[in-house]
Amino acid sequence: MDQLPVATEQSHAEIRAEVAKLCSRFPGAYWRELDAIRGYPTEFVHALTEAGYLGALIPEEYGGAGLPLSAAAAILETIQSSGCNGAACHAQMYIMGTILRHGSPEQKQAYLPGIANGSLRLQAFGVTEPTSGTDTTSLRTFARREGDKYIVNGQKVWTSRAEHSDLMLLLARTTPKEQVGKKTEGLSTFIVDMRAALGHGLTIRPIRTMMNHNSCEVFFDNMEVPAENLVGIEGRGFRYILDGMNAERLLIASEGIGDAKWFTEKSVAYANERRVFGRPIGQNQGIQFPIARAYAQMRAAELMVQEGCARFEAGLHCGEQANMAKMLAADAAWAAAEACVQTHGGFGFAEEYDVERKFRETRLYQVAPISTNLILSYISEHVLGMPRSY
Ligand SMILES: Cc1cc2nc3c(=O)[nH]c(=O)nc-3n(C[C@H](O)[C@H](O)[C@H](O)COP(=O)(O)OP(=O)(O)OC[C@H]3O[C@@H](n4cnc5c(N)ncnc54)[C@H](O)[C@@H]3O)c2cc1C
């Protein structure tokens, strides 16, 4: 049996308290204003960067805080449970993991210290494409080697924060799918300096979405990438991206838990305070039960995140836990959101309560960064041993 370190709910209490203090400077009104104009929370991101939170997972030798994954999870959970939205910058925490694990010593020196101190933003992740969608290995963006550079042509969609990032981690084909033994081969990972490429083969077009997410379409038209920006070995990029996914899923799950906690706190406060028919609405079981159910779901998801983080930190396999945590947390957040809107009645729809904004924001976890269906497929195939369904 694997020895599993125990993580407790109280872990990283000091970090949680400090993050909550920082977040209190960014109240609902701040987010509502940005939501209306689909603006980027620059001041909030600066504050997190200055406090060192976005460099939490970067080792100290590169200027980061060198904290464990559970600490990063605590940071993101607290951001969400405080009513803020970490989606504006959460990727700065984990995309760098690909460079850390698979980059050359020169790449680590060139990028990690800047990412740690915030002078370099690596928070654009170019994987999804409009035609291939979830079927990642069918992506069409192609990087052709020409001497000491690659020439990139293709298109990405839903590249979040592309307008607010200096660098992009790009997944592109370097060998056509028809010419590789396994479809997961022939894909490569590149660090794209978007500042140099913008207007020189790189075009970014924002997509307006139901919530404020700064997601974009990105077009590559003979964009040049120096060969030295290839991460690791050509053709092995898909494996490098997969290596980072468990950490990403556990972190996104933590955000879902934070959202669920925010909704539940709001629901309980309103249920206790709002009086209809001469008594608090929270006295009605029809109001209590959905809130209580969502709370129980959240607590179960929280335990799965803790188990996943503990396994990750111990260097054990955690694909099962990371995937289940992401799905359970997304479901708990959605259940808590639904209960919160219902508890607030008409006021659940009023912008000034922030409930409708958070409701829109939390819906995303069912789809991105991986959809619930694909997690169920993962569990069916890789955990339970049933045939692959696609
Ligand atoms: C706001 C936002 C931000 C995003 N940010 C990024 C980003 O920064 N970088 C990035 O690369 N991507 C990003 N994404 C993309 C996201 O990861 C994808 O949207 C998601 O993986 C689903 O892919 P798709 O949209 O192409 O849906 P599709 O693949 O077209 O799927 C549509 C539906 O069909 C279901 N489906 C497909 N195949 C199967 C199957 N075999 N079995 C069962 N169901 C199936 C899916 O679950 C989904 O519900 C973002 C998306 C959004 C909406």
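Anything mentioned here points back to the structure above.
These lines cover the structure that appears in this document, whether it is placed above or below. All values reported here derive from a predicted model rather than from experimental measurement. (Residues numbered from 1 in each chain as written. Predicted model: local features only at pLDDT ≥ 70, side-chain atom pairs only at ≥ 80, totals over all residues. Heavy atoms only, no water.)

Right, let's get into the packing of helix H11 (residues 319-344) against helix H12 (residues 355-362). A packed helix pair is summarised by two numbers, namely the angle formed by the two axes and the spacing between the axes. H12 packs onto H11 with a crossing angle of 155° between their chain directions and a minimal axis gap of 10 Å. If you check the angle between H11 and H12, you find them roughly antiparallel. As for how H11 packs across H12, the hand of that crossing is left-handed. Listed contacts from H12 to Ala333, Trp334, Ala337, Glu338, Cys340, Val341 and His344 of H11 are Val355, Phe359 and Thr362. Grouping the constituent residues of the contact of H11 with H12 by class yields seven nonpolar, two polar and one charged. (Axes fitted to C-alpha atoms, helices over the stretch in contact; angles between N-to-C directions. Helix = DSSP H or I, 4+ residues; strand = E, 2+ residues; numbered from the N terminus. Parallel < 35°, antiparallel > 145°, perpendicular 65-115°, else oblique. Left-handed = near helix turned anticlockwise from the far one by under 90°. Contact = heavy atoms within 4.5 Å. Nonpolar A, V, L, I, M, F, W, Y, C, P; charged D, E, K, R; others polar.)

Looking along a regular strand, one sees side chains alternate from face to face of the sheet. Extensive coverage of strand E5 (residues 187-193) is indicated by the burial of six of its seven residues. Bridge analysis of E5 against strand E8 (residues 230-231) gives two bridges, and the strand direction is antiparallel. Looking across to E8, one finds that Thr189 is bridged to Val231. (Buried < 20%, exposed > 50% of the residue type's maximum accessible area, 1.4 Å probe, protein only. Pairing = 2+ DSSP bridges.)

Our focus in this paragraph is the side chain of Thr209. Examined against the element boundaries, Thr209 turns out to sit in the loop between strand E6 (202-206) and strand E7 (215-226). You can call Thr209 buried: its relative accessible area is 14%. Polar contacts involving the side chain of Thr209 include one to the main-chain carbonyl oxygen of Met211, which spans 2.6 Å. What Thr209 contacts, discounting residues up to four positions off in sequence, is Arg38 and Trp158. (Polar contact = N/O pair within 3.5 Å; in protein donor to acceptor, adjacent residues only side chain to side chain.)

Time to look at the pairing of strand E4 (residues 167-173). Within E4, seven of the seven residues are buried, which leaves the element mostly enclosed by the surrounding structure. Neither face of E4 is open: one carries Leu167, Leu169, Leu171 and Arg173, the other Met168, Leu170 and Ala172, and all of them are buried. Pairing between E4 and E5: seven bridges, direction antiparallel. Following the sheet pairing, Leu169 is matched in E5 by Ile191.

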